[in-house]
Structures are given as C-alpha cells and as structure tokens.
Amino acid sequence: MAKADFKTSTDYEHPYRPLPIRIFNALGKSNSLSTEKLLDCARRKTRLSDFGDDGHLQALEVLVGSINEEARLTPTGQLIQKSRLTSALVQRLRIEALLKKHPEIQDIDLGTVVLVAGLQRSGTTLLHRLLHSHPEIRGVSGVEALEPVPAGDAKRHQTTVRKLRAVLAKHAISYLSPQFAAIHPIDPDEPEEDVMLLDLNFMSQAPEAIMHVPSYSRWLEGQDHTQTYEYFRKVLKVLCWQNPSTNWVLKTPHHMEYLDVFLKVFPDATVVQTHRDPQKTLPSFCSMVAHNRAIFSDRVDPREIARHWTRKTRRMVELTMEVRARANSGQFVDVSYYDLIEDPLAQLRRVHQRAGIDFGDDATRIAEKYVDRNPKNRFGRHTYQLSDFGLDEQTIEENFSSYRAKHEIPFE
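Once a new chain begins, its residue numbering starts again from 1 and follows that chain's sequence as written. Note on the predicted model: pLDDT of at least 70 is required for a residue's local features to be given, and 80 or more for side-chain atom pairs to be given and counted; whole-chain, interface and lining totals, by contrast, use all residues. To obtain the side-chain values, all non-hydrogen atoms of the structure were used and water was disregarded.

(A) View of unusual backbone geometry. Positive phi is not limited to glycine here, since R72 has a value of about 50°. Working definition: helices are DSSP H or I runs of at least four residues, strands are E runs of at least two. Numbering for both runs from the N terminus. Note that R72 resides in the loop between α3 (56–71) and α4 (75–101). Unlike most non-glycine residues, R121 shows phi in positive territory, near 70°. Summarising the element assignment, R121 is placed in the loop between β1 (112–116) and α5 (124–132).

(B) Examining the environment of E36 more closely. With respect to the secondary-structure elements, E36 resides in helix α2 (residues 35–46). Buried, partly exposed and exposed residues are distinguished by accessible area as a fraction of the type maximum, computed with a 1.4 Å probe on protein chains only: under 20%, between the cut-offs, and over 50%, respectively. On the accessibility criterion, E36 (47% relative accessible area) is partly exposed. Residues E36 and E61, 25 residues apart in the sequence, show an inter-C-alpha distance of 9.3 Å.

(C) Structural detail: the confidence of the model for the protein chain. pLDDT expresses, on a scale from 0 to 100, how confident the predictor is about each individual residue. Per-residue pLDDT for the protein chain averages 90, and the proportion of residues at 70 or more is 87%. Segment residues 1–6: pLDDT under 50, and 14 contacts once partners within four positions in sequence are set aside and those in other chains are kept. The contact criterion used throughout is that any non-hydrogen atoms of two residues lie within 4.5 Å.

(D) Focus on the packing of α2 against α4. Two elements in contact, α2 and α4, have axes whose closest approach is 9 Å; the angle formed by their N-to-C orientations is 55°. On the basis of the axis angle, α2 is oblique to α4. α2 and α4 meet at a crossing whose hand is right-handed. Mapping the contact onto sequence places L38, L39, C41, A42, R43, K45 and T46 in α2 and K82, L85, T86, L89, V90 and L93 in α4. Considering only residue class, the contact of α2 with α4 consists of 8 nonpolar, 2 polar and 3 charged. All axes are obtained by fitting lines to C-alpha atoms, using only the stretch in contact for helices, and the reported angles, taken between N-to-C directions, cover 0 to 180 degrees. Any angle that falls under 35 degrees is termed roughly parallel, while one over 145 is termed roughly antiparallel, one within 65 to 115 roughly perpendicular, and all others oblique. By the definition used in this description, the sense in which the near helix is turned from the far one sets the handedness, with an anticlockwise turn below a right angle giving left-handed and a clockwise turn giving right-handed. Under this grouping Gly is polar, as are all residues other than the nonpolar Ala, Val, Leu, Ile, Met, Phe, Trp, Tyr, Cys and Pro and the charged Asp, Glu, Lys and Arg.

(E) Looking closely at the sheet that holds strand β3 (residues 270–275). Pairing is parallel in the open sheet, where 4 strands are placed in the order β2-β1-β3-β4. The sheet terminates laterally at β2 (247–251) and β4 (332–336), the two strands that pair on one side only. On average, each strand axis in the sheet is inclined to that of its neighbour by 20°, with strand direction left out of account. Strands were regarded as paired on the criterion that DSSP finds at least two bridges between them. Bridge analysis of β1 against β3 gives 3 bridges, and the strand direction is parallel.

(F) Summary view of a nonpolar patch on the surface. Like-charged residues are merged into a patch within 9 Å and nonpolar side chains (Val, Leu, Ile, Met, Phe, Trp, Tyr) within 5 Å, provided each residue has over 30% relative accessible area and no salt bridge. Areas reported here follow the Shrake-Rupley algorithm with a probe of radius 1.4 Å; residue values treat only the protein chains shown as occluding. When a carboxyl oxygen of Asp or Glu lies within 4 Å of a side-chain nitrogen of Lys or Arg, that pair is called a salt bridge. A cluster of nonpolar residues, L19, I23 and L27, forms a patch on the protein surface that exposes about 330 Å² of accessible area. With respect to the helices and strands, the residue I23 is situated in helix α1 (residues 19–27). Overall, the relative accessible area of 43% leaves I23 in the partly exposed class.

(G) Quick look at the side chain of T364. Counting through the fold element by element, T364 comes out in helix α19 (residues 361–373). The contact partners of T364, leaving out residues within four places of it in the chain, are L345, R349 and F359.

(H) Up close: the pattern of salt bridges. Within the structure shown, the criterion is met by 23 salt bridges. Between D50 and K100 there is a salt bridge, and its shortest N-O distance comes to 2.7 Å. Highlighted residues: D50 in the loop between α2 and α3 and K100 in helix α4, separated in sequence by 50 residues. Residue class for D50 comes out partly exposed when judged on its relative accessible area of 29%. For E412, the salt bridge is made with R276, and the minimal N-O distance between the two is 2.9 Å. In this pair, E412 is assigned in the segment after α20 (393–406) and R276 in the loop between β3 and α15 (278–296), connecting sequence segments 136 residues apart. Under the relative-accessibility criterion, E412 is labelled partly exposed at 44%. What makes R276 buried here is its relative accessible area of 8%. Among the ionic contacts, a cluster of salt bridges with common partners joins E208, E221, E257, R311, K312 and R315.

This is the structure we're talking about:
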C-alpha cells in the first residue's frame, strides 16, 4: 500500500504493540518514579550539581506524583518517561554550566521573533516550517529540542552524536507507533515545537498530550508561568549563541494558554494565529493525543481525552481572545487554514510583511520547493471522527461558537 493510501487506526483502546514491546510489558515491572532518583541520575551522568532555580523542582515533583498516581503507564512507558525526565535534568545542568562559563550569552539579543500560535491541527506545522524555510529565519530544530546543549564543546552544535540521537528518537517513535508520521511528520532537521524547551522547566502541556495526568494539569493552570518563559528565553539565547540568527520563528499551541506571559517576556513579537473549523481541529487533536498516549499506556479512554481537551481548548481560545483585546492589534496576524492551503505563499508574504522580514526571490523559491516536496497526506491519511470521542456538532458549537464568530471561521 502506498503511503498516501495508508489510513490511521481509530481503535484507540487497542493500540498497536510490536511483539518485543508486548513481551517486555508482560514481563517487566513498573516501579514508581522518584524525583530524588531522577536528580541523582542526572548528577551522575554529568558530574554537575547546579540545576538553576526557577520553580522547576516543585513542578517536577507535581508531575512525578501525577504520573505515579494517575498515568497508568506500561513498563515501556515508564522507562521512556524516566529517560525523558532525566534528559531534561541533564540539559538543565549543562545549561547552567555553560552560562557560568560564558555569561555573555545572557546579553544576546534574539532579534525579531515570530510566534505561530494557532490551535492544534489548524495548519500551524505547515506555516511554521514554511517560515523556517526562509534563509534568514531559524526555529528550534528537532535536534536542538532534544538536546539544546550537547556534551562536550557546545559550539560544535551539529555533532554527529547529537544528530544521531535525534534520528534514533525518530525511529523509536516510528517503531512504537508506525502510524504517527501520518498525524505529525517528524524530521530532526525541521523545526519542532518549542514546547519541548518549556519541558525543561516541567511546566508545559506536553505531559497532558501523552499521559493521563489530570492533577498535574489542574496545578499547572494555577501557576505563574513568568519564570518558565524567562527560562525559555534563556535557552533560546543558548541556542542563538551556538547558531546565531537575527530572526526566529517559534510555534506551539501551548503559548495560547499563556500568551499574556509570552508577550511580557517577548514584548515585540509578531503573533500569527491560525484558524480552522473546531469540528475538525478538536477530534483531529483528540486522535493525536490518543495515539500519543497509546505509546505509554494500555489504558486509553477516548471520551476522557475529549472531555479534557474540549475544556482545555476552549480555555486556550478564550484566554487568547482576552489577551488580544488588550494588546496592540498591530502585533497579530490571522491566517485562515483554508487560505493557507489554497495559497501558502500569499499567507507567507502577509506574515513577513507584518514582521518586517524581507520575502525576496530566494525565499520564495525555497518556500515553493518545500510546498512541492511536502504534499498533504504525504505519509498517509489521518482518519478520525467526532463519534470516536463521544463528541457531536452541538457540543463543539456550544464551546466554540464565540471563537468561530470572532474570526469568521467557516464550517468545513
């Protein structure tokens, strides 16, 4: 079967498992994660001890407690989460050590920042990667997102080892979930969601998208995220020191929930908000979450996912509308998903013009080539429907009619 003809499964409660993983899960033993053991492991790996101090420890403790009590991970899922959390702590240690050695990094001016902050499944990845194709705009690559500061000489940021680890991570996801590429293509050389850098502070939506962690989610919504975004800016400066740029494109729907804090830390940013029919975006993202969670747990409840993300998504659009009502309207660009699909270069020109970045002939040609090389459904067709998650059109409209009316979003 050709990749374009491949369709993703909607049997979320019975996820695919390679035979070795099934055997490991059957024979393996699940042990609770321990914050102290994670910290000790990171110290041993790096022979460093300073993690910095910006609220990360409390966040880690809440997250670990929620994983232990609520996530119901398989032995494989627990092993992956232990590795993921340890890696984040290792990066914190390396970042602090690098900043002590090179304090001038803190003085770096990041320059022009463009933020793509639409809802999940509304064309954000396409627009993000098209903006990143510009020779003078950089994003956070998949390689950098996984390992912002490599071991050894951080200036040699494109080390073979770091690139190899990113490639192996991509293959690991493909092995554990062969259908995932049809939902969200992964390429270590392409820009990835910078929510992975917010993960270094253990304060992001990412855990909610891959695990059932409701108590962590409730705690996260009640916190002040200023220190997290200040740390995020610091990590971007570390990346800029390794690979300089005067123009940045950032992207993750997470920023919609804390857009007021983002604009406090990046006051001159241009914010691009993409829009698509919520009757398509919400079930599409719920499907993505279900596929994500199935990597780590045998207990995936599509209806619970829909309840959680319906409330969360409504919160995101309402908070964004509130921030935009108070902010400088000249900082925002609205992009319709349908206009983006029909004429992506026209939308690119609009964004570049608003951000004050030249969109010349070279940038145009590169963007055209990207569009030609990446047709829709290149890796297969992502299939989903409202009923898979106990959703219906009325429920969607009750939650998102104001958002639809505000941005004149058509029914798809």
